[in-house]
Amino acid sequence: MHRVLWYRLPPSGYILNGIVVDFHLTYKYLGSLFLEDFNSFLKLCYIAKKNFRASELAFALDPLPKNELPPSATFTEEDAQDLDVLGLAKSYFDLKEYDRAAYFLRGCRSQKAYFLYMYSRYLSGEKKKDDETVDSLGPLEKGQVRNEALRELRVELSKKHSAGELEGFTLYLYGVVLRKLDLLKEAVEVFVEATHALPLHWGAWLELCNLITNIDMLKSLSLPDCWIRDFFMAHMYTELQMIKEALQKYQSLIESGFSKSTYIISQIAVAYHNIRDIDQALALFNELREQDPFRIENMDTFSNLLYVRSMKPELSYLAHNLVEIDKYRVETCCVIGNYYSLRSQHEKAALYFQRALKLNPRCLGAWTLMGHEYMEMKNTSAAIQAYRHAIEVNKRDYRAWYGLGQTYEILKMPFYCLYYYRKAHQLRPNDSRMLVALGESYEKLSQHVEAKKCYWRAYSVGDVERMALLKLAKLHEQLNESDDAAQCYIIYIQDIFSCGVSNPMEQLEHAEVSTALRYLGQYYFKNKLYDEASLCAQRCCDYNDAREEGKALLRQISQVRDHMEASSTDLFGPLSSNNTPVRRVSPLDLSSFSP
C-alpha cells in the first residue's frame, strides 16, 4: 500500500540557524512505502531548493515525476494586503537594517509579516548588544552585555502564545527568547510545540537538541511522529555519546533511500570522531571531500582529526583550500587556527579562533579550542573564561568540563578539579582519560579507595594513554601494598610488549617500562624469586635510566647465590620456610620480551 503525506510550511524567507526557507516554496512532500513487514521507510521527498539541509536530502533521493509534484501554496487575503510592505521590509532585513524593517511591519496582520516584525526586533537587539561590547575586550567578555529587547519580546510573545496565535516560526523565536533569558524549562516546552506546529523546521529541532541534557529527558519529550524525527534522534544520540545507537539510526536512514546523502556521511564521520576512531572518521571525511569538494560545513571537525594525527601537509592544504572558497566562514577560521596550533604558533591560533567567535559567538568548537590555546600560553584565567563560555553554549561539551579540570589542576585546586572531572566523566563514562584524571584528583585528596577504582575502571574500558595501570601500581606502592603493585606492573609490561611485537625497539622507548622492571626486580629479589629478579635486572640494563640499578641488582643476586646451598628453590612454593600460605603474584614470563 502506498501512502502520501503532505506537510504544509508557512513561508518565511528568513535565515534560521543556517536554514533558508523561501517565501513561495511552501510545501514539503513526503512519500512512504509500506513493506511486507509493515515497517515504513522514507523513499521519496521533494523539498524546497533554498532550504539547504532539506535540499541535500532531496538531492540524495530519486526525483519525483512531474505529476506528483505538490501544488502551489495558498495565498490568504492577509498575505495579499501585506505583500508590498513585506517585500519592502524583507529588503531592509536583508540589508541588516532591522529597526527599519520592524518600523514598516508594525500593524501588519499576516503571520509572515508578524514573524518578520518580531524577528527583526530580536536581531536588532542582538546587533546592538554586539555593538556595545568594547572591541578591546574581545569575545571573552561578550557574555556581560545583554539584549535589551528580550524582555519586551517575551511579554508580547507570551500573550500571543497564551491566546494560541503563534505559528511554527514564531514559536521557534519565542523559544529562542526564553533560552536567551535562561528560562530553559519553558524553552524546551515551546520548542517541542514548535516541532509539532512545523515538523520540517530543522532549526527548532537543533535548539531543542542543545537543551536536552540526558537520555531520560529525551525519552520524556512528546515529539511529533514525522520522518525528520529520525534525523533528530540520530543527531541527539551522537550528542549524548550514544554512538552505537546513532550509527544504527543513520544506517537505517541510508537503507531508507538516503545512501547518497552527504549530510549523513558527515554525521557518521562526526560520530566516529567522538569515539576516537580516527582512521574511520578520516576515511569518511575524505570521501565527503570527493563528493562535495566545496563543502565547508564540518571541516573544522576534519581539521581536528588531522591535528591529532599531526598531518601538517594535509591540514595546510585544507586551510588554503577553505580560504579560497570562503575565508570569512567560522569553519575556515577554526581550520586555520588548528593549523597554527599544530605549528606551535599559539598566539596566531587564538587570534583566528577569536575571529571565528566574532562571526558566531555561539560556535562551540571555537570556544573550546581557544581555551586549549590559552592553556598552551599559560593564561589560565583566559582559558577558564573560554571553557565557561563553551559550557554556556552546550553543557554537554565534555572537552570544556575536562579543560576546566585541567586549568584548576594547574592552579592546584583539587576540589575544583574533582567537580569538573566528574562532570566530564558523566558525559563520557567510558573515556579512560576522564577516569584517569578523576583518579588523580581523588589521589591528591587522599581518597585512595576511590582513586584505585577510577584507575582500574580506566584500564578496564581501554586505557588509550596506557597510564592507568602505572598510576594504580604507583599508588599501591605508596601504600606499601607490594603484591598489588607488582601485579599491576606485570599486567602493564605484558600489555606494552604485546603491542607492536614486530618493532620491539619502540617498546623499549616507552618511558615507564624501566620503572616497572626496576620495581619488579626488587620485588622478586625480596621474595627470593632470583630467576625472575635476574631477568628483570637484565631487562633494566636495556634502559639508560635503569642500567646502573640493574647491574647492582645482578651483583646482589650473584652474591646471594654464592652463599646458597646447591639445592634448587621451588619458585612456585611459599615465600617462608614454614607451610603458612603467603599471597604472592605469579612469576613474570619475560621470555618473549627480549629485544
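Values in this document were obtained by computation on a predicted structure and should not be read as measured data.

Rules used throughout
- Residues numbered from 1 in each chain as written.
- Predicted model: local features only at pLDDT ≥ 70, side-chain atom pairs only at ≥ 80, totals over all residues.
- Heavy atoms only, no water.
- UniProt positions renumbered as here; feature names shortened; annotations may be inferred.
- Helix = DSSP H or I, 4+ residues; strand = E, 2+ residues; numbered from the N terminus.
- Buried < 20%, exposed > 50% of the residue type's maximum accessible area, 1.4 Å probe, protein only.
- Lys, Arg positive; Asp, Glu negative; His and termini not counted.
- Salt bridge = Lys/Arg side-chain N within 4 Å of Asp/Glu carboxyl O.
- 1 Å grid on protein atoms, 1.4 Å probe; cavity = no way out; pocket = protein on both sides within 12 Å on 5 of 7 lines; lining within 4 Å.
- Points joined across faces, edges and corners; volume = space filled by probe spheres on them.
- Nonpolar A, V, L, I, M, F, W, Y, C, P; charged D, E, K, R; others polar.
- Expected span 1.5 Å × (residues − 1).
- Contact = heavy atoms within 4.5 Å.
- pLDDT = per-residue confidence, 0-100.
- Phe/Tyr/Trp six-rings, centres within 6.5 Å; stacked < 30°, edge-to-face > 60°.
- Patch = residues over 30% accessible without salt bridge, like charges linked within 9 Å, V, L, I, M, F, W, Y side chains within 5 Å.
- Areas by Shrake-Rupley, 256 points an atom, 1.4 Å probe, with all protein chains shown as cover.
- Arc of directions from axis to C-beta.
- Axes fitted to C-alpha atoms, helices over the stretch in contact; angles between N-to-C directions.
- Parallel < 35°, antiparallel > 145°, perpendicular 65-115°, else oblique.
- Left-handed = near helix turned anticlockwise from the far one by under 90°.

The subject of this paragraph is the UniProt feature "repeat: TPR" (unreviewed entry) in the protein. Look at the UniProt record and you will see "repeat: TPR" (unreviewed entry) annotated at residues 330-363 and 364-397. Secondary structure over residues 330-363 splits into 79% helix and 0% strand, and the C-alpha atoms at its two ends are 8 Å apart. Helix makes up 79% of residues 364-397 and strand 0%, and the two end C-alpha atoms of the span are 8 Å apart.

Now for the side chain of E373. Looking at the element boundaries, E373 is found in helix α18 (residues 364-376). Buried charge E373 goes without a salt bridge, the closest partner of opposite sign being R399 at 11 Å.

Right, let's get into the layout of surface pockets. Of the voids in this model, the second largest pocket is the one considered here, and its volume is about 780 Å³. Around the second largest pocket, the lining comprises 23 residues; the ones closest to its centre are R276, V308, H372, R399 and R433. Those elements giving two or more residues to the lining of the second largest pocket turn out to be α14 (299-308), α16 (330-342), α18, α20 (398-410) and α22 (432-444). Among the residues forming the lining of the second largest pocket, the class breakdown is 10 nonpolar, seven polar and six charged.

What follows deals with helix α21 (residues 414-427). Compared with the 20 Å implied by 1.5 Å per residue over 14 residues, the 20 Å span of α21 between its first and last C-alpha is a close match. Those residues of α21 that fall on the buried side of the exposure criterion are C417, L418, Y420, Y421, A424 and L427. For α21, the secondary structure elements touched by its buried residues are α19 (380-393), α20 and α22.

Let us now look at the environment of D397. Mapped onto the secondary structure, D397 falls in the loop between α19 and α20. Assessed through its relative accessible area of 5%, D397 is described here as buried. Sequence separation between D397 and L240 is 157 residues, and the spatial gap between their C-alpha atoms is 9.6 Å. Aside from chain neighbours lying at most four places away, what touches D397 is L364, T368, A390 and L427.

Close approach of charged atoms lets side chains of opposite charge pair. Evaluated as defined, the whole model comprises 23 salt bridges. In this structure, K160 and E165 form a salt bridge, with 3.3 Å as the shortest nitrogen-oxygen distance. We classify E165 as partly exposed; its relative accessible area is 44%. Across the pair E549 and R518 runs a salt bridge, and its minimum N-O distance is 3.6 Å. Of this pair, E549 sits in helix α29 (residues 547-562) while R518 sits in helix α27 (residues 513-526); the two residues are 31 residues apart in sequence, bridging distant segments of the chain.

Turning our attention to the confidence of the model for the protein. On average, residues of the protein score 80 in pLDDT, and 81% of them reach the 70 mark or higher. The low-confidence segment residues 1-51, where pLDDT is below 50, has 140 contacts with residues more than four positions distant or belonging to other chains.

The next point concerns the packing of aromatic side chains. All chains considered together, the criterion is met by 25 aromatic pairs. Ring geometry for Y92 against F104: centres 5.6 Å apart, planes inclined by 40 degrees, an arrangement best described as tilted. Taken together, the positions of Y92 in helix α2 (residues 77-94) and F104 in helix α3 (residues 98-105) put the pair 12 residues apart, joining distant regions of the chain. We classify F104 as partly exposed; its relative accessible area is 32%. With 5.3 Å between their ring centres and 40 degrees between their planes, W456 and Y459 make a pair best called tilted. Placement of the pair is W456 and Y459 together in helix α23 (residues 448-460), with a separation of three residues, close to one helical turn.

Once that is clear, we can look at a nonpolar patch on the surface. On the surface, L88, Y103 and F104 cluster together to form a nonpolar patch covering roughly 270 Å² of accessible area. Counting through the fold element by element, Y103 comes out in helix α3.

Helix length check: helix α11 (residues 243-258) (16 residues) gives 19 Å between terminal C-alpha atoms against 22 Å at 1.5 Å per residue, more than 12% under. Those residues of α11 lying buried are I243, A246, Y250, L253, S256 and F258. Seen along its axis, α11 keeps its buried residues to an arc of 145 degrees; they face one direction. The exposed residues of α11 that point more than 90 degrees off its buried face are K244 and E255.

By the element assignment, T380 lies in helix α19. What T380 contacts, discounting residues up to four positions off in sequence, is I410 and L411.

In this model, S310 sits at a positive phi of 55 degrees, which is unusual for a non-glycine residue. For K378, which is not glycine, the phi torsion reads 65 degrees and is therefore positive.

Right, let's get into the packing of helix α4 (residues 111-132) against helix α6 (residues 168-180). As a packed pair, α4 and α6 sit with axes 9 Å apart at the nearest point and diverge in direction by 25 degrees. When the axis of α4 is compared with that of α6, the two are roughly parallel. Pair α4 / α6 crosses with left-handed handedness. Contact residues: α4 offers Y114, F115, M118, Y119, Y122, E126 and K129, while α6 offers F169, T170, L173, V176, V177 and K180. Considering only residue class, the contact of α4 with α6 consists of nine nonpolar, one polar and three charged.

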